[in-house]
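This is what each chain is made of:
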Amino acid sequence: KYEKIWLIFGGITLIVFLSVIGVSAFAMGHHPPSDMTTIDPEKVKETAPFDDPGLKKIGDNEYEAVMVAQAFMFGEPLEVPKGATVHFKVTSADVVHGFSIPGTNVNMMVTPGHINTITHTFDEAGEFLIICNEYCGVGHQAMSGRIEVN
Ligand code: CUA
């Protein structure tokens, strides 16, 4: 008698379990991307703002730096006026890269498919390097960019 109860209980558990898997698979497969900033890494160069990378003045002493990280570079060097606040908008055209500016608190991951943002105010003149600190392939050690503040 007890065996029968357990058999039914087990059967119900199995059905519930499979339904949950089925429903979540369905939900995931059909869910539209909720993140509006999601971009196709293969079409980065045709997708705004990455179709026009570089430094743009957006306010008084305020700039937006649009950059595409790609094995194994960060794009053209940036020239930033001293005292400027720079909002970095960075995406990757291939794999995950790092984005670190030694001597500042700028340090983030650059993930493909996303706009990765970080802000920094350059109060001191000088040359800054952008370093990739996520292993991204054979050229990883040499992957860097340059920011000139003057
Ligand atoms: Cu890019 Cu390491």
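The structure this text deals with has already been given above.
Note that the structure is a prediction, hence the values are computed from the model and not measured.

> Teacher, can you tell me more about unusual backbone geometry here?
As a rule of thumb, non-glycine residues mostly have phi less than zero, and peptide bonds are mostly trans rather than cis. Each neighbour pair has its own omega, and for Ala-48 with Pro-49 the value is 0°, a cis peptide bond. Looking at the secondary structure, you find Pro-49 in the loop between helix H1 (2-30) and strand S1 (54-59). In this chain, Ala-71 is followed by Phe-72 through a cis amide linkage whose omega measures 0°. In this structure, Phe-72 sits in the loop between strand S2 (62-69) and strand S3 (78-80). Phi angles above zero are rare outside glycine, and Asn-61 is one such case at about 65°. By the secondary structure assignment, Asn-61 is in the loop between S1 and S2. Given the relative accessible area of 40%, Asn-61 is considered partly exposed.

> Looking at this model, I keep getting lost on the nonpolar core. Mind explaining?
Inside soluble globular proteins, nonpolar side chains tend to come together where they are buried. In this structure, Phe-88, Phe-99, Ile-101, Phe-122 and Ile-147 are the most contacted members of the largest nonpolar core, which totals 25 residues. Every element with two or more residues in this core is listed here: S2, S3, strand S4 (85-92), strand S6 (107-110), strand S8 (126-131) and strand S9 (144-149). At four residues, the largest contribution of residues to this core is made by S2. Excluding residues within four positions of it along the chain, Ile-101 makes contact with Phe-88, Val-106, Phe-122, Phe-128, Leu-129, Ile-130 and Ile-147. The next biggest cluster of nonpolar side chains, apart from the first, holds six residues, and it includes Val-44, Val-66, Val-68 and Ala-93.

> Where do I start with the layout of surface pockets in this structure?
In this approach a probe as big as a water molecule rolls over the atoms, and the regions it shows empty are the leftover space. By volume, the largest pocket is sized at about 210 Å³. Top element by residues in the lining of the largest pocket is S2. It accounts for three residues. Considering only residue class, the lining of the largest pocket consists of nine nonpolar, three polar and two charged.

> I tried to follow the sheet that holds S1 on my own but got confused; where do I start?
Strands in a sheet are paired, the pairing made by backbone hydrogen bonds, and the direction either parallel or antiparallel. In spatial order, the strands read S1-S2-S4-S7; together these four strands make up an open sheet with mixed pairing. Edge positions in the open sheet fall to S1 and strand S7 (116-121), since each of these has one partner strand only. Across the sheet, the mean angle from the axis of one strand to that of its neighbour is 25°, orientation sign disregarded. Two strands pair when backbone bridges link them, and S4 and S7 are joined in this way by six bridges, in the antiparallel orientation. Its bridge partner lying in S7, Lys-89 is registered against Thr-117.

> Help me understand the environment of Cys-132, please; the structure alone is not making it clear to me.
Tracing the sequence through the fold places Cys-132 in the loop between S8 and S9. According to the relative accessible area criterion, Cys-132 is buried, its value standing at 4%. Residues Cys-132 and Ala-69, 63 residues apart in the sequence, show an inter-C-alpha distance of 9.1 Å. Not counting chain neighbours up to four residues away, the residues in contact with Cys-132 comprise Phe-74, His-97, Gly-98, His-140 and Met-143.

The rules behind the values
- Residues numbered from 1 in each chain as written.
- Predicted model: local features only at pLDDT ≥ 70, side-chain atom pairs only at ≥ 80, totals over all residues.
- Heavy atoms only, no water.
- Helix = DSSP H or I, 4+ residues; strand = E, 2+ residues; numbered from the N terminus.
- Buried < 20%, exposed > 50% of the residue type's maximum accessible area, 1.4 Å probe, protein only.
- Core = buried A, V, L, I, M, F, W, Y, C linked by side-chain atoms within 4.5 Å.
- Contact = heavy atoms within 4.5 Å.
- 1 Å grid on protein atoms, 1.4 Å probe; cavity = no way out; pocket = protein on both sides within 12 Å on 5 of 7 lines; lining within 4 Å.
- Points joined across faces, edges and corners; volume = space filled by probe spheres on them.
- Nonpolar A, V, L, I, M, F, W, Y, C, P; charged D, E, K, R; others polar.
- Pairing = 2+ DSSP bridges.
- Axes fitted to C-alpha atoms, helices over the stretch in contact; angles between N-to-C directions.

Geometric values such as these leave the question of function open.
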